[in-house]
Amino acid sequence: SNKVIVNSNLTVNTSGVLRVAGNVNTAGLVSATGNITGGNIIVVGTTTSTSTTTGAITVAGGVGIAGNLYVGGNAYAGSYQILTTNSVVDGGTF
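1. Examining the overall build of the protein chain
Then, number 1: Looking only at helices and strands, the protein chain features zero helices and seven strands.
Then, number 2: Ordered by position from N to C terminus, the α and β elements of the protein chain give β-β-β-β-β-β-β.
Then, number 3: Residue burial in the protein chain is summarised as follows: out of 94 residues, 3% are buried.
Then, number 4: Here the analysis covers contacts within the protein chain between residues at least 6 apart in sequence; of these, 0% occur between residues at least 24 apart.
Then, number 5: Of the roughly 8,600 Å² of accessible surface on the protein chain, 52% is carried by carbon and sulfur atoms.

The following block contains the structure:
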């Protein structure tokens, strides 16, 4: 089967597919041109967001969310603050 086995946890096939059984740590950029799929994505960065281009996660395109969204701080749309930690919506306090 056209693959190179580096060790029992790492294989690379001739199509360029890299399979890792375990954690991947990198000091540089990780990029993908296709979808990234799997379990939960957890980001441990703590960079504060002060604009659309700052923060622990930034997204150049849109974001679609099929489930609930929880915001622990203020929420902004454009440059307008739309929710604060003391906002009241439908009788519930944030």
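Don't stop here, the text continues.
2. Observations concerning the pairing of strand β5 (residues 80-83)
Then, number 1: Two strands pair when backbone bridges link them, and strand β4 (residues 75-77) and β5 are joined in this way by three bridges, in the antiparallel orientation. Across the sheet, the residue bridging to Y76 is Q81, located in β5.
Then, number 2: Between the end of β4 and the start of β5, which pair antiparallel, lie two residues, with G78 showing a positive phi angle near 65°.

3. Structural notes on the confidence of the model for the protein chain
Then, number 1: Across the protein chain, pLDDT averages 79, with 83% of residues at or above 70.
Then, number 2: Mean pLDDT in the protein chain bottoms out at strand β7 (residues 92-93), which sits at 59, and peaks at β4, which reaches 86.

4. What about the environment of G72?
Then, number 1: Residue position: G72 is located in the loop between β3 (18-20) and β4.
Then, number 2: Under the relative-accessibility criterion, G72 is labelled exposed at 79%.
Then, number 3: Put simply, G72 and T85 are 13 residues apart on the chain and 7.4 Å apart in space, counted from C-alpha to C-alpha.

5. Quick notes on a nonpolar patch on the surface
Then, number 1: A surface patch of nonpolar side chains, amounting to about 930 Å² of accessible area, comprises I36, I41, V43, I57, V59, V63, I65, L69 and V71.
Then, number 2: Structurally, the position occupied by L69 is in the loop between β3 and β4.

Reading the values: rules and limits
Residues numbered from 1 in each chain as written. Predicted model: local features only at pLDDT ≥ 70, side-chain atom pairs only at ≥ 80, totals over all residues. Heavy atoms only, no water. Helix = DSSP H or I, 4+ residues; strand = E, 2+ residues; numbered from the N terminus. Buried < 20%, exposed > 50% of the residue type's maximum accessible area, 1.4 Å probe, protein only. Contact = heavy atoms within 4.5 Å. Areas by Shrake-Rupley, 256 points an atom, 1.4 Å probe, with all protein chains shown as cover. Pairing = 2+ DSSP bridges. pLDDT = per-residue confidence, 0-100. Patch = residues over 30% accessible without salt bridge, like charges linked within 9 Å, V, L, I, M, F, W, Y side chains within 5 Å. Salt bridge = Lys/Arg side-chain N within 4 Å of Asp/Glu carboxyl O.

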